[in-house]
Amino acid sequence: MKALLISRDTQLYAEISSQGAARVPPLNVATTRDSLRDALDRPLADSPGMVIVDISDADTADGDLLERLTRHYASAHFMLLTDNHHPDILIRAMRVGVREVLQLPLVHRALHEAIDRIAASAGVASVHDGKVLAFIACKGGSGATFISTNFGYALATLADKKVLLIDLHRQFGDATLYVSDQKPAMTLSDVCQQIARIDGPFLESCLVHVAPGFGVLAAADDPSQSVETKPEHIDIILRVARQHYDYILLDVGRQIDAVSLRALDTTDAIYPVLQLALPDIRDARRLLDIFRSLGYLTDHIRLIVNRYEKGGKLRLQDLHAALGAEVLHTIPNDYIAVTDSVNQGIPVLQLARGSPAARSLADLVEIVTARRIIETKSGLFDRLFGRSEVDY
Ligand SMILES: Nc1ncnc2c1ncn2[C@@H]1O[C@H](COP(=O)(O)OP(=O)(O)O)[C@@H](O)[C@H]1O
Ligand SMILES: [Mg+2]
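Just so you know, these numbers come straight off a predicted model, no measurement behind them.

1. Things to note about the UniProt feature "modified residue: 4-aspartylphosphate" (unreviewed entry) in the chain
Look at the UniProt record and you will see "modified residue: 4-aspartylphosphate" (unreviewed entry) annotated at D54. For D54, the position within the fold is in strand β3 (residues 50-54). Among the residues examined, D54 registers a relative accessible area of 9% and is labelled buried. Ignoring sequence-local partners within four residues, the contact set of D54 consists of I6, S7, D9, L12, L81 and L104.

2. Overview of the site of ligand 1
Residues in contact with ligand 1 amount to 18 residues; listed here are only the nearest, G141, G143, T145, F146 and Y178. One of the side-chain nitrogen or oxygen atoms of Y178 is found 2.3 Å away from an oxygen atom of ligand 1. Those elements giving two or more residues to the shell around ligand 1 turn out to be α6 (144-158), β12 (302-308), β13 (326-332) and α14 (335-344). Class assignment of the residues belonging to the shell around ligand 1 gives a composition of nine nonpolar, seven polar and two charged.

3. Some thoughts on a nonpolar patch on the surface
Among the surface-exposed residues, I256, I290 and L294 lie close enough to one another that they form a single nonpolar patch of about 200 Å² accessible area. Relative to the helices and strands, L294 is located in the loop between α12 (278-293) and β12.

4. Considering the confidence of the model for the chain
Residue-level pLDDT values for the chain average 89, and 93% of them are 70 or greater. A low-confidence stretch, residues 371-392 (pLDDT under 50), is modelled with 32 contacts involving residues beyond four sequence positions or located in other chains.

5. Notes on the sheet that holds strand β4 (residues 77-82)
Backbone-to-backbone hydrogen bonds pair the strands of a sheet. The strands run either parallel or antiparallel. Strand order in this open sheet of five strands is β2-β1-β3-β4-β5, and the pairing throughout is parallel. The open sheet has two free edges, formed respectively by β2 (28-33) and β5 (100-103), since each of these has just one partner strand. When strand polarity is set aside, the average angle formed by the axes of neighbouring strands in this sheet is 20 degrees. Where strand β1 (residues 2-6) lies against β3, four bridges are found, and the strand directions are parallel. Residue pairing for β3: L4 is matched across the bridge by V51. In this fold helix α3 (residues 62-72) packs onto β1, β3 and β4, with an angle of close to 155 degrees to the strand it touches most, β4.

6. Looking at the packing of α3 against helix α4 (residues 87-95)
Between α3 and α4, the shortest axis-to-axis distance is 9 Å and the interhelical angle comes to 25 degrees. One element, α3, and the other, α4, form an angle in the roughly parallel class. Crossing handedness for the pair α3 and α4: right-handed. Every residue of α4 that contacts α3 at D62, G63, D64, L66 and E67 is listed here: I89, R92 and A93. Split into classes, the residues belonging to the contact of α3 with α4 amount to three nonpolar, one polar and four charged.

7. Describing the pairing of β13
A large share of β13 lies buried, amounting to six of its seven residues. Note that β12 and β13 share five bridges and pair parallel. Looking at the pairing, Y308 lines up with P332 of β13. Following the chain from β12 across helix α13 (residues 316-323) to the adjacent parallel β13, one finds a crossover that is right-handed.

8. Some points on the environment of I301
Within the secondary structure, I301 is located in the loop between α12 and β12. For I301, a relative accessible area of 1% gives the class buried. Separated by 31 residues in sequence, I301 and I270 place their C-alpha atoms 4.8 Å apart.

9. Details of the domain arrangement of the chain
What the domain assignment lists for the chain is domain 1 (2-121) and domain 2 (131-385). When the buried area of domain 1 at its contact with domain 2 is split by residue, A22, V24 and R109 rank highest and sum to 59% of it. Our count for the contact surface shared by domain 1 and domain 2 stands at zero salt bridges. Across the domain 1-domain 2 interface, the total number found is two residue pairs in polar contact (both at pLDDT 80 or more). The element that contributes the greatest number of residues to the side of domain 1 that touches domain 2 is helix α5 (residues 108-121), accounting for four residues. Split into classes, the residues belonging to the side of domain 1 that touches domain 2 amount to two nonpolar, three polar and three charged.

10. As for the packing of aromatic side chains
Under the definition given, this model contains three aromatic pairs. Centroid distance F135 to Y271: 5.4 Å. Interplanar angle 70 degrees. Geometry classified as edge-to-face. Here F135 is found in strand β6 (residues 131-137), whereas its partner Y271 is found in strand β11 (residues 269-275), with 136 residues between them in sequence. Note on F135: relative accessible area 0%, which makes it buried. Relative to Y296, the ring of F291 lies with its centre 5.5 Å away and its plane at 35 degrees, an arrangement referred to as tilted. Every member of this aromatic cluster is reached through a ring pair, and the members are F135, F151 and Y271. Sitting above the plane of the Y245 ring, K162 keeps its charged end 4.5 Å from the centroid.

About the thresholds
Per chain, residue numbering runs from 1 following the sequence as it is written. Chains and ligands are labelled sequentially in the order written, the chains with letters from A and the ligands with numbers from 1. Restriction of local features to residues with pLDDT of at least 70 applies here, the model being predicted, together with a cutoff of 80 or more for giving and counting side-chain atom pairs; totals for whole chains, interfaces and linings are based on all residues. Side-chain figures throughout are based on the complete set of non-hydrogen atoms in the structure, without hydrogens or water. UniProt positions are given in the numbering used here, feature names are shortened, and annotations may be inferred rather than shown by experiment. A run of H or I in DSSP counts as a helix once it spans at least four residues, and a run of E counts as a strand once it spans at least two, with each numbered from the N terminus. Whether a residue is buried, partly exposed or exposed follows from its accessible area with a 1.4 Å probe, protein chains only, as a fraction of its type maximum: under 20%, in between, or over 50%, in that order. It only takes one pair of heavy atoms within 4.5 Å for two residues to be counted as in contact. Throughout, near means a residue has at least one heavy atom within 4 Å of the molecule or strand. By the criterion applied in these results, polar contacts are pairs of N or O atoms within 3.5 Å in which, for protein atoms, one can donate a hydrogen and the other can accept it, and in which residues neighboring in sequence qualify only through two side-chain atoms. Charged means Asp, Glu, Lys or Arg here, nonpolar means Ala, Val, Leu, Ile, Met, Phe, Trp, Tyr, Cys or Pro, and polar covers whatever is left, Gly included. What makes a patch is a set of residues exposed beyond 30% relative accessible area and free of salt bridges, joined within 9 Å when like-charged and within 5 Å when nonpolar (Val, Leu, Ile, Met, Phe, Trp, Tyr). Note on areas: Shrake-Rupley, 1.4 Å probe, and residue coverage restricted to the protein chains presented here. Just to be clear on terms, a salt bridge is a Lys or Arg side-chain nitrogen sitting within 4 Å of an Asp or Glu carboxyl oxygen. Confidence of the predictor in every single residue is expressed as pLDDT, which spans 0 to 100. Note on pairing: two strands pair once DSSP finds at least 2 bridges between them. Note on method: axes are straight lines fitted to C-alpha atoms, helices fitted across the in-contact stretch only, with angles between N-to-C directions ranging 0 to 180 degrees. Relative orientations are named as follows: roughly parallel for angles under 35 degrees, roughly antiparallel for angles over 145 degrees, roughly perpendicular for angles from 65 to 115 degrees, and oblique for any other angle. Each helix crossing is assigned a hand: it is left-handed if the near helix lies turned anticlockwise from the far helix by less than a right angle, otherwise right-handed if that turn is clockwise. Crossover handedness is defined by viewing with both strands directed away from the observer: a clockwise path from the first strand over the helix to the second marks the crossover as right-handed. For every domain, the bounds stem from an assignment made automatically or drawn from a database. A simple way to read buried area is as the amount of 1.4 Å-probe accessible surface that goes missing from two parts once joined, with both sides added. Pairing of aromatic rings covers Phe, Tyr and Trp, the last through its six-membered ring, and needs centres within 6.5 Å; plane angles under 30 degrees mean stacked, over 60 mean edge-to-face, and all others mean tilted. By definition, being over a ring means that NZ of Lys or CZ of Arg is both within 6 Å of the ring centre and within 35 degrees of the ring normal.

Written out as structure tokens, the structure reads:
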């Protein structure tokens, strides 16, 4: 879609055009005008699909000019950007049917959501809307990397999904090693360095390909040499990734910082991975407290209990009571199959298909793709444990 931007702010232009270019299909900010007056004096031959008007330095006459412009480009969708100083123009805008008003400074997520709404009503359907699932280790060694990488492989091979795993570790990222013996040619840091080039084929070319539908974007191996990943990079990468993959899995590790938080802000589900031991539970509690303080919906957070053994002193229902989050799935302790898989860098499903760990990952594929558990509040316990009297 083509957009006309009306603003004197060159920085705002750069921001909107780079955000627009990263979309699939792209929003092309083809022309700019300094002011509403300028836009009326020099109308475009072809009406743009979208007109974005920055009214932060508007004056009282601009209400009339805006009304004229909406008549001139009657088929275009209008979006106003405001710093809240011109309520009179906003009221005029509402009267002439402008539905999208965004606050300045621009919040990229809000911008994209508004463009999404406009694109949807204009019939410019996006190609895809992949789901982002974040795996976060409550403690080092909980199994987040093993589970996210092997789950990615299982999703691609068993459910025929197109899956991307992004290793978000800033140091010592090791996700590719769990499922591949290839050395990554490109890493997350390289993608950030060339962020202006990003599109689906470029992203795909940066991956370690593990199986036909499954690629891993490796973490930078030497953080001191690498370009710093910024939260804005993550926004752009995830936006492009959603358009090209069915599932985007994030191996977040334990690092909570600006980059991982930005990623978590936009995830569809967060899966803290923990083992049924008090230190894990303590750390899980801290993590969940952070998420709650950030206002994340607890409905999006589901625990994965790894190395689970029935009959232990701590029970799953204790975990639920202690953490106030539901358990999505348990993965059994399967020392031989998992150690062999991790040591050889071959997905457990490929190496030992009948092993308890592989079977459990296959169950997780079913759970996640069916989405029943995420969407029904009581569904999880009912489904995992059947009747309430089951002894676990
Ligand atoms: N279900 C399991 N059964 C047996 N061993 C496991 C299981 N899950 C993980 N492990 C072992 O635990 C180790 C740590 O797992 P990893 O995924 O690296 O943890 P994290 O990424 O959370 O730090 C792995 O090397 C693996 O051998
Ligand atoms: Mg790890």
